[in-house]
Each structure stands twice: as C-alpha cells, then as structure tokens.
Amino acid sequence: MFQEERIEAIMEYLREHQRMDVKEICDRFDVSRDTARRDLVRMDEIGLIVRTRGGAMLPTLNRAVTAYKDRMQRATDEKRQIGREAAKLIRDGHYLFLDTSTTVATVAEHIQTTDNVIVTNSIDIAAKLADSKSFKVHMLGGQLDLEHRFLFGATALAQLGDYYVDLLFLGACGISPDGLSYPHEEDGSIKREMIRRADRVVVLADHTKFGKQLFYKVAGLDDVDVIVTDREPEESMLRLLERHDVELLIVEGDNQHD
C-alpha cells in the first residue's frame, strides 16, 4: 500500500473514532513504527491531523471551507438524498428560510409544494427558484461574499427582522456537543437571526460534519429541531441529540455501519 492510500485509510478511521495511535497504524497496515510516524508527520504537515503523544487526532478547530462552486461541483448523491428527504417536510403555503449551504441548494431542487414564500441570502438558490411560478422568492440584500456567494451585513440583518417563517433549512459545517459552528462570522450572524425567526429549524448535514468544530458558534443543540443526514452518528452523539430532543432523519439507502 502506498503512503497516499494509508493516509486516506487513516483519515477514514479518524472520522469514525477521532483518535488513532502508532501501534494501531502498524497493526492495521502491517508497517513499521518508523513508517507509521512518517505517515503522521506528513499528515501533520498538510494540516489533516494534530499529532499527539503516540498517535494522532482530528483537529478540534476546522479552519477552511472550500469555495461554493467547488463544493457544488462535488455535491454527492448523499447530499441530494438529504435534500430530497428534507423537502418532504415542506407543506403547501409554508414560509421558508433557505440558507447558503450546497446541501440546502438540493432542497430547492426537490420542492414539490405550492404557494410557498421563500427567503434566502444565496444568489445560487435564488437563481434555481427564479423560473418557478409555484412560490414567491425574497432575496436578502447586503454585501456579496464573492467566494461563497452569499449576501450578509447590516442590510440583510435588518431585512430578516421583518420576517417570520415556518421552516428554516440550514446547512452545517460542524456539529459538536457544543452545537452548530461555521467558519465565517458574517454568514453566521445571518444564520443566527434566521434561527431566531423560524418556528422549526431543520439542519442538513452529511455524516462527515459530526464531531467538527469551526471558528464561529451559531447555535446550541437546543435550537435544532431536526437533523437530516446520511448516516447514524456515533453513540455518544446519538444520546446527546436525544437529550436535546433533536429528531434524526436518516435518508433511505444510507450505509450506517460501514
């Protein structure tokens, strides 16, 4: 097995277990301790892990999110399944917030209801909905983030102050015991205000978002009503979601126990 292949396998293990020691690497991949340490050094150099005494762990703080267009091009079948399942929660006449997530963009593709009023700060989601005569679309104003293609700032926040909705569909960059977190304070402040003004908060997140924590905390788990995902999270997170009365919807065709 080449180093690149081992690194990918180590990352897959860490996503599930959070930590891995040198002995475990040696046993799993039949390599020497020196080889295992070289793998960890390489992973540390490119920012994939934090080295610990005797092993490695995933970074507690995730710093980067790729550009919107790149994320949209890599939209997986799992994301589309999540969006399709989430869209089933919408009823005729519902008022909706759709945030800027690429997963939430797949909700816009699967809305089958009529007479909905939709508010968004995503220029791409607004464009997806522009040709439909089944609902009205309100686009928030403000300053445009060119890389991530969302509108933010005082104007957007002031506009949100005039709205109340039935459902908010919210993407998640990180879901941890502390709640929902995101890399950008500017976008995070918009999401926080949307949460305050929605009767029900629906978070869309593939399984890789569990256990991640980013720079800006937007909400605690008490603020979340539903999480739609593609795979059951680990037992400790399941218990935490139950404690906070968060409903978990897992899309059909998921592979919970790979």
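Residues numbered from 1 in each chain as written. Predicted model: local features only at pLDDT ≥ 70, side-chain atom pairs only at ≥ 80, totals over all residues. Heavy atoms only, no water.

**Some thoughts on the nonpolar core**
In step 1: If you look at the biggest cluster of nonpolar residues, it comprises 32 residues, and the most contacted ones within it are Leu168, Leu170, Ile175, Leu180, Val203 and Ile227.
In step 2: Taken together, the elements giving at least two residues each to this core come down to β8 (150–152), α8 (154–160), β9 (165–171), β11 (179–182), α9 (185–196), β12 (198–204), β13 (216–219) and α10 (235–243).
In step 3: When neighbours within four sequence positions are excluded, Val203 is seen to be in contact with Leu170, Ala172, Ile175, Leu180, Val224, Val226, Ile227 and Val228. (Core = buried A, V, L, I, M, F, W, Y, C linked by side-chain atoms within 4.5 Å. Buried < 20%, exposed > 50% of the residue type's maximum accessible area, 1.4 Å probe, protein only. Helix = DSSP H or I, 4+ residues; strand = E, 2+ residues; numbered from the N terminus. Contact = heavy atoms within 4.5 Å.)

**Looking at the packing of helix α1 (residues 3–17) against helix α3 (residues 33–45)**
Between two packed helices, both the angle of their axes relative to each other and the distance between the axes serve to describe the pair.
In step 1: Contact pair α1 / α3: the axes reach a minimum separation of 10 Å and the direction vectors enclose 75°. When the axes of α1 and α3 are compared, the pair comes out roughly perpendicular. Here Gln3, Arg6, Ile7, Ile10 and Met11 of α1 lie close against α3, whose contacting residues are Thr35, Arg38, Asp39, Arg42 and Met43.
In step 2: Split by residue class, the contact of α1 with α3 holds 4 nonpolar, 2 polar and 4 charged. (Axes fitted to C-alpha atoms, helices over the stretch in contact; angles between N-to-C directions. Parallel < 35°, antiparallel > 145°, perpendicular 65-115°, else oblique. Nonpolar A, V, L, I, M, F, W, Y, C, P; charged D, E, K, R; others polar.)

**Observations concerning the pairing of strand β5 (residues 116–120)**
In step 1: Taking burial as the measure, the 5 residues of β5 include 5 buried ones, the bulk of the element.
In step 2: By the alternation rule, side chains of β5 split into Asn116, Ile118 and Thr120 and Val117 and Val119, which are all buried.
In step 3: Of the pairings in the sheet, the one linking strand β4 (residues 95–98) to β5 comprises 4 bridges and is parallel in character. Bridging from a neighbouring strand, Leu98 pairs with Thr120 of β5.
In step 4: Taking the sense of rotation as the criterion, the β-α-β connection linking β4, helix α6 (residues 102–109) and β5 turns out right-handed. (Pairing = 2+ DSSP bridges. Right-handed = clockwise from strand over helix to strand, strands pointing away.)

**Comments concerning helix α2 (residues 22–29)**
Given 3.6 residues to a turn, an α-helix orients residues that are three or four positions apart in the same direction.
In step 1: Looking only at α2, the buried set comprises Val22, Ile25, Cys26 and Phe29. Considered in projection along α2, the buried side chains sweep an arc of 100° and stay on one side of the axis. Turned more than 90 degrees away from the buried face of α2 sit Lys23 and Asp27, all of them exposed.
In step 2: Taking the backbone nitrogen of Lys23 as reference, a side-chain oxygen 3.3 Å away marks Asp21 as the first, capping residue of α2.
In step 3: Positive backbone phi, at 55°, marks Asp30, one or two positions downstream of α2. (Arc of directions from axis to C-beta. Polar contact = N/O pair within 3.5 Å; in protein donor to acceptor, adjacent residues only side chain to side chain.)

**Considerations on the pairing of β11**
The side chains of a regular strand alternate between both faces of the sheet.
In step 1: By the bridge criterion, 3 bridges tie strand β10 (residues 174–176) to β11 in an arrangement that is antiparallel. Counted as the bridge partner of Ile175 is Leu180 from β11.
In step 2: Counting the residues between successive antiparallel strands, the hairpin from β10 to β11 contains 2 residues.
In step 3: By the bridge criterion, 3 bridges tie β11 to β13 in an arrangement that is antiparallel. Residue pairing in the sheet places Leu180 in a bridge with Ala219 of β13.

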